[in-house]
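Read off the chains here:
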Amino acid sequence: MRLVTIPTSPFEGQRPGTSGLRKKVTVFQQPFYLENFVQALFDVLPSAHGQTLVVGGDGRYHNRIAVQVILRMAAARGYARILVGRGGILSTPAVSAIIRRRRAMGGIVLSASHNPGGPEGDFGIKYNIANGGPAPEKITEAIYARTLEVREIHMLDSADLPLDELGSHRLHFTTIEVVDPVADYAEVMRSLFDFEAIRALFARGFRLRFDAMSAVAGPYAHSLLEHELGAPAGTVVNGTPLEDFGGLHPDPNPVNAVDLIRCMQAADAPDMGAASDGDADRNMIVGRGFVVSPSDSLAVLAAHATLVPGYRAGLSGVARSMPTSTAIDRVAQKLGIPCFETPTGWKFFGNLLDAGKVTLCGEESYGTGSSHIREKDGLWAVLFWLNLLAVSGKSVEGLVRELWREHGRCVYSRHDYEGISGDRAENLMRELRAQLPSMPGASLLGQRIVAADDFAYADPVDGSLSVAQGVRLELQDRARIVFRLSGTGTSGATLRIYLERHETDLHRHDLPVQQVLAPLVALAERVARVRHWTGMAEPSVMT
Ligand code: G1P
Ligand code: ZN
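All figures in this text were calculated on a predicted structure; none of them were measured in a lab. Throughout this document, residue positions are counted from 1 along each chain, in the order its sequence is written. Chains and ligands are labelled sequentially in the order written, the chains with letters from A and the ligands with numbers from 1. Under the rules for a predicted model, residues below a pLDDT of 70 receive no local features and side-chain atom pairs below 80 are neither given nor counted, while totals for whole chains, interfaces and linings still include all residues. Excluded from the side-chain calculation are hydrogens and water; included are all heavy atoms of the structure.

A.B. asks: Hey, could you go over the nonpolar core for me, with residue numbers and the actual values?
C.D. replies: Working definition of a nonpolar core: buried Ala, Val, Leu, Ile, Met, Phe, Trp, Tyr and Cys residues. They are joined through side-chain atoms within 4.5 Å. Residue exposure (1.4 Å probe, protein chains only): buried if accessible area is under 20% of the type maximum, exposed if over 50%, otherwise partly exposed. Judged by nonpolar contacts, the single largest core of 77 residues is most densely connected at Phe210, Leu225, Met272, Trp380, Trp385 and Leu386. Secondary structure elements are defined from DSSP: runs of H or I of at least 4 residues count as helices, runs of E of at least 2 residues count as strands, and each element is numbered from the N terminus. Looking at this core element by element, the count peaks at eleven residues for helix H13 (residues 378-392). Here, two residues are considered to be in contact whenever any of their heavy atoms come within 4.5 Å of each other. Discounting chain neighbours no more than four positions away, the residues touching Leu386 are Ile198, Leu201, Phe202, Phe206, Leu208, Leu225 and Met272. Core analysis: the second largest hydrophobic core is formed by 47 residues, Val4, Phe42, Val67 and Val69 among them.

A.B. asks: Describe the coordination of the zinc ion (ligand 2), naming the residues involved and giving the relevant values.
C.D. replies: Within the protein, Ser113 (OG), Asp277 (OD), Asp279 (OD) and Asp281 (OD) serve as the donor atoms for the zinc ion (ligand 2), at 2.0 to 2.1 Å. Coordinating donors are taken to be N, O and S atoms lying within 2.8 Å of the metal, or within 3.2 Å when the metal is Na, K or Ca; because water is excluded from the atom set, some sites may appear incomplete. Here a site with four donors is tetrahedral if all angles are between 85 and 135 degrees, and a site with four or six donors is square planar or octahedral if opposite donors are over 155 degrees apart and the other angles are between 65 and 115; anything else gets the irregular label. Of note is the zinc ion (ligand 2), whose four donor atoms meet at the metal with angles of 89 to 160° in an arrangement that counts as irregular. For the zinc ion (ligand 2), the donor residues sit on a single chain with the sequence spacing S-x163-D-x1-D-x1-D. Separated by 164 residues along the polypeptide, Ser113 in the loop between strand E5 (106-110) and strand E6 (122-128) and Asp277 in the loop between strand E12 (272-276) and strand E13 (283-287) bring together distant segments of the chain.

A.B. asks: Let's hear about unusual backbone geometry: which residues, and what values?
C.D. replies: Its identity is not glycine, yet Phe245 carries a phi of approximately 55°, on the positive side. In this fold, Phe245 is placed in the loop between strand E11 (236-237) and helix H9 (258-265). Phi is positive for Arg478, which is not a glycine, with a value near 55°. Its place among the elements puts Arg478 in the loop between strand E24 (471-475) and strand E25 (480-485).

A.B. asks: How would you explain the state of the cysteines if you had to name every residue and give the values?
C.D. replies: Two cysteine sulfurs form what is called a disulfide whenever their separation falls within 2.5 Å. One pass over the structure, following the stated rule, counts zero disulfides. Counting only cysteine sulfurs, Cys339 is the nearest neighbor of Cys361, a cysteine outside any disulfide, at a range of 11 Å. According to the relative accessible area criterion, Cys361 is buried, its value standing at 0%. Just so you know, Cys410 is unpaired, no disulfide at all, and the nearest cysteine sulfur is the one on Cys339, 11 Å from it.

A.B. asks: Any details on the sheet that holds strand E2 (residues 21-24)? Residues and values, ideally.
C.D. replies: Strand-to-strand pairing in sheets goes through backbone hydrogen bonds, with the strands running parallel or antiparallel. Read from one edge of the open sheet, seven strands run E2-E6-E5-E3-E4-E9-E8, paired in mixed fashion. If you trace the sheet from one side to the other, it starts and ends with E2 and strand E8 (167-171), each paired once. Strand after strand, the sheet turns through a mean of 20° between neighbouring axes, direction not considered. The sheet contact formed by E2 and E6 spans four bridges and is antiparallel. Residue pairing in the sheet places Lys24 in a bridge with Asp122 of E6. To obtain an axis, a line is fitted to C-alpha atoms, over the contacting stretch when the element is a helix, and the angle between two such axes runs from 0 to 180 degrees between their N-to-C directions. Sitting on the sheet, helix H2 (residues 33-44) touches E2, strand E3 (52-57), E5 and E6, and the angle it makes with E6 is about 10°. Relative to E5, helix H4 (residues 92-101) is tilted by about 170°, and along the sheet it contacts E3, strand E4 (81-89), E5 and E6. When DSSP finds two or more bridges between two strands, those strands count as paired.

A.B. asks: Can you explain the environment of Leu110? Please cite residues and give values.
C.D. replies: Of note, Leu110 is situated in strand E5. Separated by 305 residues in the primary sequence, Leu110 and His415 have C-alpha atoms spaced 29 Å apart.

A.B. asks: Quick one: what's the story with the packing of H2 against helix H3 (residues 63-77), residue by residue and with numbers?
C.D. replies: The contact between H2 and H3 brings their axes to 10 Å, and the two run at 35°. Crossing hand, H2 versus H3: right-handed. In contact with Leu34, Glu35, Val38, Gln39 and Phe42 of H2, H3 contributes Ala66, Val69, Ile70, Met73, Ala74 and Arg77. Its residues assigned to classes, the contact of H2 with H3 comprises eight nonpolar, one polar and two charged. Each crossing gets its hand from how the near helix is turned against the far one by less than a right angle, where anticlockwise is left-handed and clockwise is right-handed. Side-chain classes are defined by residue name, with Ala, Val, Leu, Ile, Met, Phe, Trp, Tyr, Cys and Pro counting as nonpolar, Asp, Glu, Lys and Arg as charged, and the others, Gly among them, as polar.

A.B. asks: How would you summarise the pattern of salt bridges if you had to cite specific residues and measurements?
C.D. replies: Salt bridges, as used here, are contacts in which a Lys or Arg side-chain nitrogen is within 4 Å of a carboxyl oxygen on Asp or Glu. By the definition in use, this model includes 37 salt bridges. Residues Lys24 and Asp122 are paired through a salt bridge, measuring 3.2 Å at the closest nitrogen-oxygen approach. Here Asp122 lies in strand E6 and Lys24 lies in strand E2, a separation of 98 residues in the sequence. Of the residues examined, Lys24 reaches a relative accessible area of 32% and is grouped as partly exposed.

A.B. asks: Talk me through the pairing of strand E9 (residues 174-179); I want residue IDs and the actual numbers.
C.D. replies: In this sheet, E9 lies alongside E4 in parallel orientation, the contact comprising five bridges. Counted as the bridge partner of Arg81 is Thr175 from E9. Relative to E9, E8 is paired through five bridges, and the arrangement is antiparallel. Bridge pairing in E9 places Leu171 opposite Thr174.

Structure, rendered in structure tokens:
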């Protein structure tokens, strides 16, 4: 056992965000930076005696080094058993699934999700608790406080373990099992979906293109889609995880997954396209020449959930993050089930799922999931769609248009202004908040503001209150504008403006989205002086 004494904390003012600690790789390469964080984590967790820990990451640059460090420290901490994915690889949903199936005390996920990887890219670490979900704020706060105090790092003085082969190793008093990254996750998928029906769909010649974006979904998609469900070889593209994601930005949206979009618009396009992000928890669904918005995808899954074996008994309720479109609300109303509106971030769904209040949940940011684990789940969403297509005989576009016909279309877009100065972003929000009291009833640019507030959420399970979660304006005809600052960026601030307009007129469903939303953009500019504060004439990304 080695005890390393470190002089001062590198963490002063570096509070981990809502999704764990995400920093540039170069920051993680500082001496004892990762060690300090992991020591703080172990210091605040209850005893590891007799407990199991799960460890794995999305394979990005620095993953291998970090896994070895964590194993040496976790063994020094005294875990009975550590389950680590072969090659140090585990997708975020797989970590969640393994924690739950193997009754682990928790798990460490190494990922910066959809942020770019490589030596100049980002790295990240987060802790998930025994329910399989991200640690709640009181734990992350305690870890942060502890990072400032840690002066001693406990680790074994042992050589790197061979992680590229399945097998079992002994480190001090700890058994380290190198596990197949896919096996447990695949079991969960088999328990939910009608694999026979999906196999028959592929056998009938159905064509899918799954773009794993050179990130961690590759091995999972190869194994399930191609090997088990009979999709032809080549269905999965960019299917080998690369340390720098091959230079791709593994965040599935029409801007980053432009190659997939191009394929899906071609004359010989496959029947369905899909993509997932760095750690495989996000998903994008595309039909032939038809991009599905994440909010619509969630609503379609909810509307037809009982066609899928795992959800045959119906949904106890659904939940969406506040900026996600209200399409799911209408479906829930028709199904007669509750629909919860939570702040942005997956962790708010955890309590609702644990309490059995909701079965499906999702966000506009390409995250969809259910009670099967406590993370969003990219490949799960793809299998869900495949199951629906297989048993309904309908197309991707057909299912979405059916939703629009029945409930109207929530025309929706998110405009991001990236890399702006933190001060100016805060000023914009402050100025906006100051106007809130005078907004309701005001008419601006011919649009009437019906209600305006700064979203606050009282957790219906534990009563905890989250305030200042985003400024929302509700307009006439149930249009909405939402403003909030990103909590996950690693450089500068990002302003997100979410725009939504409910269109019941079938003839307007095919108008260009940005055209339908243009009056809302103008109103957003008027109330928030977006150009002034961001110094940008246009958003950097529109999804
Ligand atoms: C973003 C998304 C949010 C998601 C989070 C983690 O957070 O908007 O929906 O839960 O990433 O994947 P943001 O950067 O907006 O704070
Ligand atoms: Zn992710």
